[in-house]
Amino acid sequence: MPTIPASDWHKEFGIQGRKPPAFFSDLQEIDEAGSAAPLPHTLRRAFEELQLDGILCLEKTPIIYFRQVEQLEPETVANLHRSFWNQGVAPILALMAPHEVHIYSGLILPADARSAESQHHGLVEILRRVDTQLRAFILSVESGEYFHLHRQSFDPHQRVDRALLSNLEVTREKLERVSTARLSPRTLDALLCRLVFTCYLFDRHVIDRVVSL
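Residues numbered from 1 in each chain as written. Predicted model: local features only at pLDDT ≥ 70, side-chain atom pairs only at ≥ 80, totals over all residues. Heavy atoms only, no water.

Chemist: What's the story with the overall build of the chain in this structure? I'm lost.
Modeler: Summing up its helical and strand segments, the chain has eight helices and six strands in all. Walking the chain from its N terminus toward its C terminus, one meets helices and strands in the order α-β-α-α-β-β-α-β-β-β-α-α-α-α. Split into buried and exposed, the 213 residues of the chain put 37% on the buried side. Taking all contacts inside the chain whose residues are at least 6 apart in sequence as the whole, residues at least 24 apart take part in 54%. In the form shown here, the chain has an accessible surface area of approximately 13000 Å², with 53% of it arising from carbon and sulfur atoms. (Helix = DSSP H or I, 4+ residues; strand = E, 2+ residues; numbered from the N terminus. Buried < 20%, exposed > 50% of the residue type's maximum accessible area, 1.4 Å probe, protein only. Contact = heavy atoms within 4.5 Å. Areas by Shrake-Rupley, 256 points an atom, 1.4 Å probe, with all protein chains shown as cover.)

Chemist: What should I look at first to understand the pairing of strand β3 (residues 61–68) in this one?
Modeler: Counting buried residues in β3 gives seven out of eight residues, a clear majority hidden from the surface. Summarising the sheet, strand β2 (residues 54–58) and β3 pair through five bridges and their orientation is antiparallel. Looking at β3, one finds that L58 is bridged to T61. The pairing of β3 with strand β4 (residues 92–96) spans five bridges and is parallel. Bridge assignment links Q68 to a residue of β4, and that residue is M96. With respect to chirality, the unit in which β3 leads through helix α4 (residues 74–87) into the neighbouring parallel β4 is right-handed. (Pairing = 2+ DSSP bridges. Right-handed = clockwise from strand over helix to strand, strands pointing away.)

Chemist: Please explain the sheet that holds β4 as it appears in this structure.
Modeler: Two modes of strand pairing occur in sheets, parallel and antiparallel, and in both the strands are linked by backbone hydrogen bonds. Strand order in this open sheet of six strands is β1-β2-β3-β4-β5-β6, and the pairing throughout is mixed. With partners counted over all chains shown, the strands left at the sheet margins are β1 (23–24) and β6 (123–128), one partner each. Relative to β6, helix α5 (residues 131–143) is tilted by about 145°, and along the sheet it contacts β2, β3, β4, β5 (100–105) and β6. (Axes fitted to C-alpha atoms, helices over the stretch in contact; angles between N-to-C directions.)

Interpretation note: all reported values are geometric properties and have no functional meaning in isolation.
Below you can see the structure in the form of structure tokens.
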């Protein structure tokens, strides 16, 4: 089933006519906006990695990522939610299927893609593709009411940066327990920083293999 033309879904959400820096529909608009584009590198990465169809910004901050999908396959959705959560930028991902829109939170820890409940993990609500409902959703998000109504789905303690710090603390404690050399706290911190930086380089494909020195 073909995806719905942008002009149609833009109208459904009531965002037709919105231009950069309030709304970006593709990479070209980011380039054309120049310095007016908020977090241009981040927006480019989101479009490329998540294959987005649009990004809505509020006060120069990305707030909703939009992507059209022909069907909502559990494993695909789980992997997409994990990538979305890992970016840690926009709080909302709207997956637009032909007859409904699934709203996912970027502040819920992602699930294992192989889990039976993975498709619904991070799911805030399901909206029908009805103009009045979708437009009310946009207004609620922009006013902040949406985050109040669904506050259990937007827990700042589950942001990717908070999760990273928590995991680093646990790893540091384990290293302290198993280390026979009794490494100093400063040495452990330096080691963890190097590991995180190396993982970042692999993730960005700056390096793609182990180099022997």
